[in-house]
Structures are given as structure tokens and as C-alpha cells.
Amino acid sequence: MKKRILSITFVTTIAVTSAWNIYQTNKEIPLSDLALANIEALANETAGGGSGCKWKLIDCPGLWTGSYEACLVNGDGNSCSCGIVTRDCK
């Protein structure tokens, strides 16, 4: 009987965790004017040509909060204008 209760609890936990992850990935993130400007700047080949900054992926603090990209001097991605951010942490 204990095994059955434990297995039902385990399956329920897996199902709830999976549903939560699906909900979080499907949640729409509204783009701010700054983010839209960054997208336009990335589309323009001349944007950030000699700035010396590059995109860097940064994890947001906390569990399941995602990450964002920031344009920093110590970045490791494509060139960009220093100080811009693609998405703010919540």
C-alpha cells in the first residue's frame, strides 16, 4: 500500500512539474520599446561596429526566472552598442 501511494505521489509530482514548465515556456513576454530598438539595431549591419562591446548571456537570479542578454565589454557574442539589454529580469 505504501509503495502504491509513493508511486502515485511521484507520478503526480512529475505531471505537475511538467505542466508548470510548459506553462512557463508558453507564457508570452511583451517586448519593450528598448527591446524592439535592439532588434532593429541588430538587423542593421552598421550598428555597434566599433563600440568594442559584445552580447553576453546572463542568468536572472532565482529559480525558473530565465535569462537575458546584455551588451557588455566582456561579452562573447556579436558586436552591439554598449549598455543595451534584450530583456529585463523580473
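The coordinates are above.
In this report, the structure presented in the accompanying data block is examined. The structure presented is a predicted model; accordingly, all values stated were derived computationally and were not measured. (Residues numbered from 1 in each chain as written. Predicted model: local features only at pLDDT ≥ 70, side-chain atom pairs only at ≥ 80, totals over all residues. Heavy atoms only, no water.)

**Observations regarding the overall build of the protein**
The number of helices and strands found in the protein is two helices and three strands. Across the protein, helices and strands are ordered from the amino to the carboxyl terminus as α-α-β-β-β. In the protein, which comprises 90 residues, the proportion classed as buried is 16%. (Helix = DSSP H or I, 4+ residues; strand = E, 2+ residues; numbered from the N terminus. Buried < 20%, exposed > 50% of the residue type's maximum accessible area, 1.4 Å probe, protein only.)

**So, the sheet that holds strand 3 (residues 79–80)**
An order of 2-1-3 is seen for the three strands of this open sheet, with the pairing classed as antiparallel. Looking at the sheet topology across the chains shown, the edges are occupied by strand 2 (67–72) and strand 3. Bridge count for strand 1 (residues 53–59) against strand 2 is six bridges, and the pairing is antiparallel. Note on strand 2: the bridge partner recorded for K54 is L72. (Pairing = 2+ DSSP bridges.)

**Quick look at the nonpolar core**
In this structure, C53, W55, C71, C80 and I84 together form the largest nonpolar core, which totals five residues. Residues in contact with C71, not counting those within four places in the same chain, are C53, K54, W55, C80, S81, C82, G83 and I84. (Core = buried A, V, L, I, M, F, W, Y, C linked by side-chain atoms within 4.5 Å. Contact = heavy atoms within 4.5 Å.)

**Digging into the packing of aromatic side chains**
For the structure shown, the criterion picks out one aromatic pair. A centroid spacing of 5.7 Å and a plane angle of 40 degrees characterise the contact between W20 and Y23, whose relative ring orientation is tilted. Residue W20 and its partner Y23 are located together in helix 1 (residues 2–26), separated by three residues, close to a single helical turn. Judged by relative accessible area, which is 42%, W20 ranks as partly exposed. For Y23, a relative accessible area of 47% gives the class partly exposed. (Phe/Tyr/Trp six-rings, centres within 6.5 Å; stacked < 30°, edge-to-face > 60°.)

**A short note on the environment of T9**
Locating T9 in the fold gives a position in helix 1. The partly exposed category is assigned to T9, whose relative accessible area is 43%.

**Remarks on the pairing of strand 1**
Judged from the two bridges that link them, strand 1 and strand 3 form a sheet pairing that is antiparallel. Bridged to C53 within strand 3 is C80.

**As for the environment of G77**
Among the secondary structure elements, G77 is positioned in the loop between strand 2 and strand 3. Of the residues examined, G77 reaches a relative accessible area of 31% and is grouped as partly exposed. With sequence-adjacent residues up to four places away left out, G77 is seen in contact with K54 and W55.

Structural measurements only, silent on function.
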